[in-house]
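Examining the three-dimensional arrangement
For reference, the chains in residue letters:
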Amino acid sequence: MSLHDDAVLVLKSYEDQEELRGLYLDHLAAHPDGMWKACEAGHLTASALVIDPERGRVLLTLHKKLSMWLQMGGHCEPGDSSLERAALREATEESGIPGLTLLPGGPVQLDRHAIPAPCHWHLDVQYAALAPAGAVEAISDESLDLRWFSYDEAAEVADGSVVRLVERTRAALLR
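Residues numbered from 1 in each chain as written. Predicted model: local features only at pLDDT ≥ 70, side-chain atom pairs only at ≥ 80, totals over all residues. Heavy atoms only, no water.

Observations regarding the environment of A154
With respect to the element layout, A154 can be found in helix α4 (residues 151-157). When its relative accessible area of 2% is taken as the criterion, A154 is described as buried. Along the sequence, A154 and P118 sit 36 residues apart, while their C-alpha atoms lie 31 Å from each other. For A154, the contacting residues outside a window of four places in its chain are V58, L60, F149, V163 and V166. (Helix = DSSP H or I, 4+ residues; strand = E, 2+ residues; numbered from the N terminus. Buried < 20%, exposed > 50% of the residue type's maximum accessible area, 1.4 Å probe, protein only. Contact = heavy atoms within 4.5 Å.)

So, in structure tokens, the structure goes:
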């Protein structure tokens, strides 16, 4: 199965954010290259919020290009066999934490945001990744900084999309 086909299946089974989910599916139907950075109309990305529920905290990266505190994530690559694997790969690479596991149940949230030309949109499929006990982070060359924040602190430093992702992830942990 191609990554494009996997994304369609993931989105069809995602039962929230109906309008945005429909926009993602329409984009993929219209753009066979809609998974890749080269798609100028926009492309899907995969991300994961690294969370340590035992300590009530999340790991955020200070993005090098945007100078914003964000969850780990980025572009899909040809070797990615699924959106889940892309999100987990990105979270592991950017956090430096081995042994992350995705929270079961699929994506936690979808977030569409404008990006500079030549592409126009990131259609981000956002997961949550559980940090193993005793996890130690290691900054990557894609970040200016990497830091654990309590849930409340994350709301003070991050934008609305990340705040919603933290809230949705915490709610998913209770299910």
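Having seen it, we continue.
A short note on the pattern of salt bridges
Per the stated rule, a full pass over the model turns up eight salt bridges. Residues E90 and R89 are paired through a salt bridge, measuring 3.0 Å at the closest nitrogen-oxygen approach. Note that D145 is salt-bridged to R147, the shortest N-O span being 2.6 Å. A single network of salt bridges, built from pairs that share partners, joins E77, D80, R89, E90 and E93. (Salt bridge = Lys/Arg side-chain N within 4 Å of Asp/Glu carboxyl O.)

Overview of the nonpolar core
Counting residues in each nonpolar core, the largest one holds 33 residues, and the members touching the most others are M35, L44, V50, L83 and Y127. Only α1 (3-13), α2 (18-30), β1 (43-52), α3 (83-95), β7 (121-130) and β8 (143-150) provide two or more residues apiece to this core. Here this core gets five residues from one element, more than from any other, and that element is α1. Once residues lying within four places of it in the same chain are set aside, the contact partners of Y127 are V10, S47, A48, L49, L83, E84, A87, L102, G106, P107, V108 and L165. Among the nonpolar cores identified, the runner-up in size contains 18 residues, and L49, V58, W69 and V108 belong to it. (Core = buried A, V, L, I, M, F, W, Y, C linked by side-chain atoms within 4.5 Å.)

Some remarks on the layout of surface pockets
The probe, sized like a water molecule, is rolled over the atoms to show the empty space still left. Taken as a whole, the largest pocket spans an internal volume of roughly 1,000 Å³. For the lining of the largest pocket, the secondary structure elements donating two or more residues are β1, β2 (57-63), β4 (72-75), α3, β6 (109-114) and β7. By residue number, the principal contributor to the lining of the largest pocket is α3, which donates four residues. Looking at the lining of the largest pocket, its residues break down into seven nonpolar, 14 polar and 12 charged. The volume enclosed by the second largest pocket comes to roughly 240 Å³. Residue composition of the lining of the second largest pocket, by class: seven nonpolar, two polar and four charged. (1 Å grid on protein atoms, 1.4 Å probe; cavity = no way out; pocket = protein on both sides within 12 Å on 5 of 7 lines; lining within 4 Å. Points joined across faces, edges and corners; volume = space filled by probe spheres on them. Nonpolar A, V, L, I, M, F, W, Y, C, P; charged D, E, K, R; others polar.)

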